[in-house]
There are 6 protein chains.
Amino acid sequence: MPYVNIKITREGATPEQKAELIKGVTDLLKNILGKNPATTVVVIDEVDTDNWGLGGELVTVRCTKGL
Amino acid sequence: MPYVNIKITREGATPEQKAELIKGVTDLLKNILGKNPATTVVVIDEVDTDNWGLGGELVTVRCTKGL
Amino acid sequence: MPYVNIKITREGATPEQKAELIKGVTDLLKNILGKNPATTVVVIDEVDTDNWGLGGELVTVRCTKGL
Amino acid sequence: MPYVNIKITREGATPEQKAELIKGVTDLLKNILGKNPATTVVVIDEVDTDNWGLGGELVTVRCTKGL
Amino acid sequence: MPYVNIKITREGATPEQKAELIKGVTDLLKNILGKNPATTVVVIDEVDTDNWGLGGELVTVRCTKGL
Amino acid sequence: MPYVNIKITREGATPEQKAELIKGVTDLLKNILGKNPATTVVVIDEVDTDNWGLGGELVTVRCTKGL
């Protein structure tokens, strides 16, 4: 019954990519720790780049600098 | 001063239902643990079904399968 | 399949109290939003009072002031 | 490599204010704990006032009461 | 720069298993979404079974019932 | 009534440093966004270096490599 929260910047991840990510993480927990997929919850939070900071700057600003 | 985070799939919970849920959780913390409602914070996050996985699948897909 | 995270200060909550809290929250989600208890996850994090701040102060300090 | 999550009600915080907040928190972690800004992640979640409870009530309702 | 939080019950996961899990999740984010491993943060929280509820019961109790 | 969660590796942060960090973050929220310190909650989670991954590796391992 693991709970996994994945926070990424909102940059166009498709439903197919999110499905692949959820399947992959669930499989890792099953194969490595024997966790039951049926009660493994994975939640993806997509965050605006104005709301995400790295190195003390907004990601929006870093992108304009090509960082 | 408890902090409670409730994550649910975005499936049409009404303001009245959310108010009832917040009141109920706050009362539980007061009655069971003697916590002060005035500083009890409850945050509800509603998550798109494309961003929530259970059993290695998107909830969106599980719903189409009637799961 | 809701996920609920309850953060409280570590002040001696007993297993019985935690069980009552978990049962109560699970029932609220079932009764108000029709959520399935079998996949409702509730996690309680107990935090040291040196690691919890309110009003800009450690709870440890606030307690010595009788706040 | 700290991770900071700031949850606030969605009440019109501007990109400039969020940038100032992210810069300020990153500087605090560098100055107080010597943490490396380059791997300090700060994520701001803005939450609807219908989804935030305090004192057992929705913030939306508290605002109409002038609380 | 994704942030991943994995919450599991405290049931003896070894450093090697945690390393494998962190490596696996980081690779998934790189391969599926092109995320940079250098700024991908993965945090594993291990939670006491007295603090984790499923189906309205403590995991400690469910284990004694063989669930 | 903001809620701030700061996750850092468990590397000996003192109560004084944590108090300074909590005070600083609370002041930032007051000065930048006009938030009320009395209901500003700041929680610091200290995480073992075996439970924190960056660049696909445990921080414990990265430290032995001088990273």
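Rules used in this analysis
Residues numbered from 1 in each chain as written. Chains lettered and ligands numbered in written order. Predicted model: local features only at pLDDT ≥ 70, side-chain atom pairs only at ≥ 80, totals over all residues. Heavy atoms only, no water. pLDDT = per-residue confidence, 0-100. Helix = DSSP H or I, 4+ residues; strand = E, 2+ residues; numbered from the N terminus. UniProt positions renumbered as here; feature names shortened; annotations may be inferred. Contact = heavy atoms within 4.5 Å. Phe/Tyr/Trp six-rings, centres within 6.5 Å; stacked < 30°, edge-to-face > 60°. Buried < 20%, exposed > 50% of the residue type's maximum accessible area, 1.4 Å probe, protein only. Least-squares fit on C-alpha atoms with pLDDT ≥ 70 in both.

Draft legend 1. Just the confidence of the model for chain A, in detail. Residues and elements named next belong to chain A. Mean pLDDT over chain A: 95, with 100% of residues reaching 70 or higher. Per-residue pLDDT, averaged within each element of chain A, yields its smallest value for helix 2 (residues 59–64) (90) and its largest for helix 1 (residues 15–33) (98). Across the interfaces of the predicted complex, the ipTM metric reaches 0.94, alongside a pTM of 0.94.

Draft legend 2. The UniProt feature "domain: 4-oxalocrotonate tautomerase-like" (unreviewed entry) in chain A, seen in detail. The positions that UniProt labels "domain: 4-oxalocrotonate tautomerase-like" (unreviewed entry) are, in the present scheme, residues 2–61 of chain A. With 37% helix and 32% strand, residues 2–61 of chain A has end C-alpha atoms that lie 35 Å from one another.

Draft legend 3. Structural detail: the arrangement of the chains. In this assembly chain B lies apart from chain E, the nearest approach of their C-alpha atoms being 14 Å. There is a gap between chain A and chain F: no contact, and a shortest C-alpha distance of 14 Å.

Draft legend 4. Spatial organisation of the packing of aromatic side chains. Under the counting rule described, the total for this entry stands at 3 aromatic pairs over all chains. Between Tyr3 of chain A and Tyr3 of chain C, the aromatic rings sit 3.5 Å apart at their centres with planes inclined by 5°, giving stacked as the arrangement. Taken as a pair, Tyr3 of chain A in strand 1 (residues 3–9) and Tyr3 of chain C in strand 1 (residues 3–9) lie in two separate chains rather than in one. For Tyr3 of chain C, a relative accessible area of 2% puts it in the buried group.

Draft legend 5. Examining the relation of the copies chain A and chain E more closely. You can overlay chain A on chain E at an RMSD of 0.0 Å; the transform is a turn of 180° with a shift of 0.0 Å along its axis. When the rotation and shift are considered jointly, the pair of chain copies conforms to a two-fold rotation axis. Within chain A, the C-alpha atom positioned nearest to the axis of rotation is that of Asn5 of chain A, 2.6 Å from it. A symmetric contact is evident, with 100% of the interface residues of chain A recurring at the interface of chain E.

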